[in-house]
Amino acid sequence: MKILFSIIFLFLLLNLKGRADENLLDELDSISEPKVEYETSAFKTTRIVSGHSIQSMKEGELEFRISHRFGSVNSGVDGFWGLDQSTIFLSLEYGITDWLELGIGRTSNEKTVHGFAKIGLLKQSKGEVNIPVSLSYFASAGINTMSWNDPKRENFFTSRLSFTHQLLIARKFNEYFSLQLTPTLIHLNLVPTALDDNDIFALGIGGRYKITNRVSLNMEYFYVARPTWNIENDFVNPLSIGVDIETGGHVFQIMLSNSLGMIEKHYIADNTGSWSKGDIHLGFNISRVFTLY
Amino acid sequence: MKNHHIIYAIFFISIILSANQQTATAQEKYVSKNGHIWFYSQTPLETIEAHNNQVATIINIKTGAIAFDLLMKSFKFKKALMEEHFNENYVHSETYPKCTFSGKIVDINNFNLTKNGKYKVEVEGDLTMHGVTKKIKQTGTLEVKDDKIYATSKFDVKPEDYNIEIPKLVRDKIASTIEVNVDIVYQLFEKR
């Protein structure tokens, strides 16, 4: 009997209580539509240091980049620790849609004209749809416009060409930390000796850590697999560390790298600079974004 | 054992009553899943405007309780770069994804929101954004028309109240008070 009474009492009490402090916010959670939350801004700009990041221009945005690498620090006072020399890369990069970026540029390194496309395939997301990584496909082609090494032999235009294919697999772990893996295939139509491979495989790993809202620390390394080694050249895997500083529409990237190159062929396939020997280059990238429409 | 019958009867009546009360509660609640909230920042140098069309909100016209829930990332800007900076540098949407408001209409007993008409109301409660909760009190209008409630409000929010830092470099481009506009069409809450 008493138990029954207490149950009734409890019921009445619960009814009353339900009225008194209803938590509407909890109720909102149950009615609000499930949403997909896309991750954005894994990196501050379209490059981690020299290599392409998962970021690309949004529809109607145009990026103008000025990239610069000085000579190596070990050139001493005679080369003013590298500042006497400079290698430059200028490029324009445009977002046709949010998932397609096209770019064109020229670097003084081998006087190469460079064109590329970056195509977004997957976007990291959580909520209704859970995708752990963002994925983009990157392809570029370079034309070496220098005069021929050996004008006497029969030279073909195709010998000037080199191609790069990359998968950019990035994950933004939290607000501060992002990591990217970059499997890379570089194809050189013409290689210096018969011992060299035309196809070079590499795996890049790059990351950033945000120190403040507008400053991040970046690092980038490419492991280059070379089945046969060219005897004359000691190729070295590129390792770069950099700092991104963002000021509104500009992003400044300042870096130290053992590589002079700014396009994939140059900094991955052709790099001979070594950190241990002091072939360290100071460099910077300046990115300016214009919203065209 | 007649007593038992009486107790059972009371028991069942109380269950029926509680069920009734729930349907009654549902009748009092109005919701919207795609409310519109937008904000302006106006300075001579730059106008910033962002719209969120996915605001979830609920109102209890009997008790006057009202709540809002939105994702910061759902604010859409004209310029993609602005949107990126908003989420990354100012409101830190990764760490604080939501903005919520939970409060009530002041003097709800003076209003009969079951009747058609336009009512000027005062709403007070807790606004939570960027990890900071502030008590606010703002005015708005509720227009009751044919089982729908049209709610509008316009008020100012100071970013610094919510620990949203605006660096010196861009202080001329971002207003110190942001104008917030609310435009919601509530419909009767029907449980699925």
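Residues numbered from 1 in each chain as written. Chains lettered and ligands numbered in written order. Predicted model: local features only at pLDDT ≥ 70, side-chain atom pairs only at ≥ 80, totals over all residues. Heavy atoms only, no water.

Chemist: Got a minute to help me understand the pairing of strand β9 (residues 178-188) of chain B in this structure?
Modeler: Side-chain direction in a regular strand flips from residue to residue, so the side chains alternate between the two faces of the sheet. Residues and elements named next belong to chain B. Of the strand pairs in this sheet, strand β1 (residues 29-42) and β9 are connected by seven bridges, and their pairing is antiparallel. The residue of β9 that forms the bridge with tryptophan 38 is asparagine 181. Summarising the sheet, strand β8 (residues 148-157) and β9 pair through 10 bridges and their orientation is antiparallel. Bridging across to β9, valine 157 finds its partner in isoleucine 178. (Pairing = 2+ DSSP bridges. Helix = DSSP H or I, 4+ residues; strand = E, 2+ residues; numbered from the N terminus.)

Chemist: Please explain the sheet that holds strand β10 (residues 199-210) of chain A as it appears in this structure.
Modeler: Two orientations exist for strands paired in a sheet by backbone hydrogen bonds: parallel and antiparallel. Residues and elements named next belong to chain A. One closed barrel holds the 12 strands; their spatial order is β2-β3-β4-β5-β7-β8-β9-β10-β11-β12-β13-β14, and the pairing between them is antiparallel. For this sheet, the mean inter-axis angle between neighbouring strands, taken without regard to orientation, is 20 degrees. Taken together, the nine bridges between strand β8 (residues 161-172) and strand β9 (residues 177-188) define a ladder with antiparallel strand orientation. Within β9, the position partnered with glutamine 166 by the bridge is threonine 184. (Axes fitted to C-alpha atoms, helices over the stretch in contact; angles between N-to-C directions.)

Chemist: Teacher, can you tell me more about the confidence of the model for chain B here?
Modeler: For any part of a model where pLDDT is low, the fine detail of the predicted coordinates should not be relied upon. Summing up the model confidence of chain B, the mean pLDDT is 87 and the portion of residues at 70 or higher is 88%. Model confidence for the complex: the whole-complex pTM is 0.83, and ipTM, which rates the interface, is 0.79. (pLDDT = per-residue confidence, 0-100.)

Chemist: What is the right way to look at the packing of aromatic side chains in this model?
Modeler: A ring pair, where both rings are aromatic, is described by two values, the distance of the centres and the angle of the planes. In total, this model carries 13 aromatic pairs over all chains according to the counting rule given. One aromatic cluster is present, formed by Phe39, Phe75, Phe77 and Phe86 of chain B through successive ring pairs. Against the face of phenylalanine 173 of chain A rests arginine 171 of chain A, its NZ or CZ located 5.1 Å from the ring centre. Here the basic side chain of arginine 288 of chain A rests over the ring of phenylalanine 290 of chain A, its NZ or CZ set 5.2 Å away from the ring centre. (Phe/Tyr/Trp six-rings, centres within 6.5 Å; stacked < 30°, edge-to-face > 60°. Lys NZ or Arg CZ within 6 Å of the ring centre and 35° of its normal.)

Chemist: Explain the pattern of salt bridges to me, please; I cannot follow it from the model alone.
Modeler: Two side chains of opposite charge can pair, provided their charged atoms sit close to one another. Tallied over the full model, the rule gives 18 salt bridges over all chains. Between glutamate 246 of chain A and lysine 44 of chain A there is a salt bridge, with its nearest N and O atoms 3.2 Å apart. Placement of the pair is glutamate 246 of chain A in strand β12 (residues 239-247) and lysine 44 of chain A in the loop between β1 (36-38) and β2 (61-72), with a sequence separation of 202 residues. The class for lysine 44 of chain A is buried, based on a relative accessible area of 9%. The salt bridge involving lysine 135 of chain B is made with aspartate 126 of chain B; its shortest N-O contact spans 2.8 Å. Residue classification places lysine 135 of chain B among the exposed positions, given a relative accessible area of 69%. What emerges from the salt-bridge pattern is a single network uniting Glu39, Lys126, Lys172, Arg208 and Lys210 of chain A together with Lys73, Glu88 and Glu94 of chain B. (Salt bridge = Lys/Arg side-chain N within 4 Å of Asp/Glu carboxyl O. Buried < 20%, exposed > 50% of the residue type's maximum accessible area, 1.4 Å probe, protein only.)

Chemist: Sorry, what's going on with the environment of asparagine 52 of chain B here?
Modeler: Residue and element names in this part refer to chain B. Residue placement: asparagine 52 occurs in strand β2 (residues 47-60). Among all residues touching asparagine 52, those that are not within four sequence positions of it are Gly35, His36, Ile37, Leu70, Leu71, Ser74 and Phe75. Among the polar contacts made by the side chain of asparagine 52, one reaches the main-chain amide nitrogen of glutamine 54 at a distance of 2.9 Å. Among the polar contacts made by the side chain of asparagine 52, one reaches the main-chain carbonyl oxygen of leucine 71 at a distance of 3.1 Å. (Contact = heavy atoms within 4.5 Å. Polar contact = N/O pair within 3.5 Å; in protein donor to acceptor, adjacent residues only side chain to side chain.)

Chemist: Help me understand the side chain of serine 32 of chain B, please; the structure alone is not making it clear to me.
Modeler: Residue and element names in this part refer to chain B. With respect to the helices, strands and loops of the structure, serine 32 is situated in strand β1. Engagement of the side chain of serine 32 in a polar contact is seen with the backbone nitrogen of asparagine 34, the distance being 3.5 Å. Here glycine 35 takes part through its backbone nitrogen, which lies 3.4 Å from a polar atom of the side chain of serine 32. Contacts of serine 32, omitting those with residues within four sequence positions, involve Val55, Ala56, Thr57, Ile184, Val185 and Tyr186.

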